[in-house]
Amino acid sequence: MLAELGESREDVAQARRAGDERAEQEVVDLWGARLRRLLAADPGAAAQLRALVEELTGGSAPAVPQQSVTMTAEASGRARINQAVGDIHVNER
């Protein structure tokens, strides 16, 4: 697993150099899912993980970057506008 983590770290570094946010997020999602499965299998590990995070961050939670989104749209006639900050699925019939 450590080898996979090292490979993922390199994948993230390459994605950041290339400005590929999607590739970076895919790695984050993959490891998030793995971590959730591990914690579901061993709920006691959550306390150990919390202690590790506190140790690595000096007791303070890592800062979460704040994002701001501004959307503007203008329609006329029979136009339809769909805006989303995340995924959007539009099914028209």
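The rules we used
- Residues numbered from 1 in each chain as written.
- Predicted model: local features only at pLDDT ≥ 70, side-chain atom pairs only at ≥ 80, totals over all residues.
- Heavy atoms only, no water.
- 1 Å grid on protein atoms, 1.4 Å probe; cavity = no way out; pocket = protein on both sides within 12 Å on 5 of 7 lines; lining within 4 Å.
- Points joined across faces, edges and corners; volume = space filled by probe spheres on them.
- Helix = DSSP H or I, 4+ residues; strand = E, 2+ residues; numbered from the N terminus.
- Nonpolar A, V, L, I, M, F, W, Y, C, P; charged D, E, K, R; others polar.
- Patch = residues over 30% accessible without salt bridge, like charges linked within 9 Å, V, L, I, M, F, W, Y side chains within 5 Å.
- Areas by Shrake-Rupley, 256 points an atom, 1.4 Å probe, with all protein chains shown as cover.
- Salt bridge = Lys/Arg side-chain N within 4 Å of Asp/Glu carboxyl O.
- Buried < 20%, exposed > 50% of the residue type's maximum accessible area, 1.4 Å probe, protein only.
- Expected span 1.5 Å × (residues − 1).
- Arc of directions from axis to C-beta.
- Contact = heavy atoms within 4.5 Å.

Moving on, we get to the layout of surface pockets. In this structure, the largest pocket spans a volume of roughly 470 Å³. Along the walls of the largest pocket sit 14 residues, with Val12, Arg16, Glu24, Val27 and Val28 positioned nearest its centre. Looking at the lining of the largest pocket, the elements with two or more residues in it are helix H1 (2–18) and helix H2 (21–41). Examining the composition of the lining of the largest pocket, we find that eight residues originate from one element, H2, more than from any other. In terms of residue class, the lining of the largest pocket is made up of five nonpolar, four polar and five charged. If you add up the space inside the second largest pocket, you get close to 260 Å³. Residue contributions to the lining of the second largest pocket peak at five residues, all from H2. Considered class by class, the residues forming the lining of the second largest pocket number five nonpolar, one polar and one charged.

What follows deals with a nonpolar patch on the surface. A contiguous nonpolar surface patch, about 290 Å² in accessible area, is contributed by Met1, Leu35 and Leu38. Assignment of secondary structure puts Leu35 in helix H2.

Under the counting rule described, the total for this entry stands at three salt bridges. The partner of Glu4 in a salt bridge is Arg34, and the shortest N-O contact between them spans 3.2 Å. Residue Glu4 is located in helix H1, and its partner Arg34 is located in helix H2; the two are separated by 30 residues in the primary sequence. Classification of Glu4 by relative accessible area gives partly exposed; the value is 37%. With a relative accessible area of 18%, Arg34 lands in the buried category. With a closest N to O distance of 3.1 Å, Glu10 and Arg17 form a salt bridge. Since its relative accessible area comes to 36%, Glu10 is described here as partly exposed. Judged by relative accessible area, which is 62%, Arg17 ranks as exposed.

Before going further, it helps to examine H2. For an α-helix the count is 3.6 residues per turn, leaving residues at separations of three or four pointing the same way. The first and last C-alpha atoms of H2 sit 30 Å apart over 21 residues, in line with the 30 Å expected at 1.5 Å per residue. Looking at H2, one finds that the buried residues are Glu24, Val27, Trp31 and Arg34. The buried residues of H2 occupy an angular sector of 100 degrees when the element is viewed end-on, so they sit on one face. When the buried face of H2 is taken as reference, the exposed residues oriented beyond 90 degrees from it are Glu21, Arg22, Arg36, Arg37 and Ala40. The elements touched by buried residues of H2 are H1.

By themselves, these observations are geometric and do not establish any function.
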